[in-house]
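Report on the structure
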Amino acid sequence: MSKKWELKWMAWEITEKCNLNCVHCRSSSDIHSPEGLFTLDKCFKLLDEIKEVATPVIVLSGGEPLLRKDVFDIARYGTEKGFRMCMATNGVLVNDEICMKIKDSGIKIVSLSLDGSTKEIHDDFRGQPGAFEGVMRAAEYFNKHDIPFIINSSFTKRNQHDIENTYKLAKKLGATAWYMFLIVPTGRGEEIMKELVSKEDYEDILNWHYEMEREEDEILVRPTCAPQYYRIWHERSKKEGLDTQRRSLKFSTGGGKGCIAAQSICFISAKGDVYPCSYFPISAGNVFKEKFKDIWENSKLFQDIRDFKSYEGKCGVCKYLGVCGGCRARAYAVTGDYMAEEPFCDYVPENYNG
């Protein structure tokens, strides 16, 4: 396998159980959902298989991973194998005891989801009264126990007016990074196609992020599932004459490529299916039926996504293909073809005749 496709980050759904009912969720899970197919022994076996391929950052997710009683046994085993273990939680179940277990198991950083600057906005998005208070409380616990945390914020039409305030609150809470997600319609998200941010607003939001990021020097900020941002960043930073050193630094810290699904990241579901990312509904294979190494290196789906020259429409002829690539999951959700052009990009390449 070429070093170009080295696995650097993966999310792993260790349980389908969840205590919230988020409008954008890909899994349609709840508190009564099954745990999934991964027994503790099978968790250890998968970690052993992943180690044969690479040593990526591994994010334990769900559902809500804290609903799984042996989550810290999984984290500790991963830590001992040399992985950088992380966890994604909605924060509701976090307390002093949980924080001590997080540190003891070797988990390096935790992510919290915050989708609004007020309880009215966040709780509406999360489908659960008290969800906002859970995030606020979890942030306090993490600060108390010196546990680094990042904040992920997802936006649709229902909360896009609150993007800037949400960013400011994330910063105020002490997050080390803030990731702005412009959601991909999958799972429950299929039912909110009409809520997706418009093409025009999408472009405006990404330009706002560029302005904000240019001034931000306290926390890391990144737009996520918005690969066309890197076209905007490339265009504007070059036009504004940013020095070569700063441009190189930006690209070396994760800003050099838009969609990296199946290229340096993947997602594994509680049923063992391997996906290019957590928003992609087509499985490349199942770890209970074949080796993870074979799926990562040889699956047709992953090979297709890595074949940039075969991308269709505007993406296929765009000069920014190498730094953007378009969102393959969004292309599939809207058109039914994951090789189609990014449907929420307003840019038209000069050489496009479609």
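Structure: above.
Residues numbered from 1 in each chain as written. Predicted model: local features only at pLDDT ≥ 70, side-chain atom pairs only at ≥ 80, totals over all residues. Heavy atoms only, no water.

1. A look at the sheet that holds strand 10 (residues 285-286)
Defined as follows: Strand pairing is defined by DSSP finding a minimum of two bridges between the two strands. By definition, any uninterrupted DSSP run of H or I lasting at least four residues is a helix, any uninterrupted run of E lasting at least two residues is a strand, and each is numbered from the N terminus. Any two residues whose heavy atoms approach within 4.5 Å are treated as being in contact. Axes here mean lines fitted to C-alpha atoms, for a helix over just the part in contact, with angles spanning 0 to 180 degrees between N-to-C directions.
Here ten strands make up an open sheet; going across it, the order is 7-6-5-4-3-2-1-8-9-10 and the pairing mixed. For this open sheet the edge positions go to strand 7 (220-224) and strand 10, each flanked by a neighbour on one side alone. Relative to strand 10, strand 9 (residues 273-275) runs antiparallel, the two being bridged by two bridges. Its bridge partner lying in strand 10, Asp273 is registered against Asn286. Taken strand by strand, helix 6 (residues 163-173) contacts strand 5 (149-155), strand 6 (177-182) and strand 7, and its axis lies near 170° from that of strand 5.

2. Remarks on the nonpolar core
Put simply, the rule reads: Here, the term nonpolar core denotes a set of buried Ala, Val, Leu, Ile, Met, Phe, Trp, Tyr and Cys residues that are joined through side-chain atoms within 4.5 Å. Each residue's exposure class comes from its accessible area (1.4 Å probe, protein chains only) as a fraction of the maximum for that residue type: buried when under 20%, exposed when over 50%, partly exposed otherwise.
Grouped together as the largest cluster of nonpolar side chains are 97 residues, with contacts concentrated most on Trp12, Phe142, Trp178 and Phe292. Examining the composition of this core, we find that six residues originate from one element, helix 5 (residues 131-144), more than from any other. The next biggest cluster of nonpolar side chains, apart from the first, holds six residues, and it includes Val59, Ala88, Ile109 and Ala177.

3. Topic: empty space enclosed by the protein
What counts is decided by this rule: Detection works on a 1 Å grid of protein atoms alone, calling trapped sets that fit a 1.4 Å probe cavities and calling open sets with protein on both sides within 12 Å along at least five of seven lines pockets, with lining residues defined by an atom within 4 Å of a point. Grid points are joined across faces, edges and corners, and a volume is the space filled by probe spheres set on the points. Under the scheme applied, nonpolar residues are Ala, Val, Leu, Ile, Met, Phe, Trp, Tyr, Cys and Pro; charged residues are Asp, Glu, Lys and Arg; polar residues are all the others, including Gly.
Here the structure, examined in full by the defined rule, presents two cavities of 30 Å³ or more. One number sums up the size of the largest cavity: a volume of about 110 Å³. For the largest cavity, the lining is made up of 14 residues, of which Cys315, Cys318, Cys324, Cys345 and Tyr347 are closest to its centre. Classifying every residue of the lining of the largest cavity gives eight nonpolar, three polar and three charged. Estimated volume of the second largest cavity: approximately 50 Å³. Along its surface, the second largest cavity is lined by Phe155, Leu182, Ile183, Leu196, Val197, Tyr202, Arg330 and Phe344.

4. Focus on the packing of helix 2 (residues 71-80) against helix 3 (residues 96-105)
The test is simple: Here roughly perpendicular refers to angles of 65 to 115 degrees, roughly parallel to angles under 35, roughly antiparallel to angles over 145, and oblique to all remaining angles.
Running from N to C, helix 2 and helix 3 cross one another at 25°; their axes reach a closest spacing of 8 Å. What the angle tells us is that helix 2 and helix 3 run roughly parallel. Taken together, the residues of helix 3 that come into contact with helix 2 (itself represented by Phe72, Ala75, Arg76 and Thr79) are Ile98, Lys101, Ile102, Asp104 and Ser105. Here the residues of the contact of helix 2 with helix 3 sort into four nonpolar, two polar and three charged.

5. Section: the packing of aromatic side chains
What counts here: The pairing test for Phe, Tyr and Trp rings, Trp by its six-membered ring, is centres within 6.5 Å, and the orientation test on the planes gives stacked under 30 degrees, edge-to-face over 60, and tilted for anything in between. Both a distance and an angle decide whether a charge sits over a ring: NZ of Lys or CZ of Arg must be within 6 Å of the ring centre and within 35 degrees of the ring normal.
The tally for this structure, following the rule as stated, stands at 16 aromatic pairs. Ring centres of Tyr167 and Trp178 lie 5.3 Å apart, and the angle between their planes is 45°; on these two criteria the pair is classed as tilted. On the criterion of sequence distance, the pair formed by Tyr167 in helix 6 and Trp178 in strand 6 is long-range, its members being eleven residues apart. Looking at Trp178, the relative accessible area reads 0%, which means it is buried. Ring geometry for Tyr320 and Tyr347: centres 5.7 Å apart, planes at 70°, overall edge-to-face. Here Tyr320 is found in the loop between helix 12 (313-317) and helix 13 (328-335), whereas its partner Tyr347 is found in the segment after helix 13, with 27 residues between them in sequence. The pair Tyr320 / Tyr347 is uniform in exposure class, with both members buried. Here a set of aromatic residues connected by ring pairs shows up, and it is made of Trp5, Phe308 and Tyr311. Positioned over the ring face of Trp296 is Arg306, at 4.7 Å from the centre of the ring. Above the face of the Tyr311 ring, Arg328 is positioned so that its terminal group lies 4.2 Å from the ring centre.

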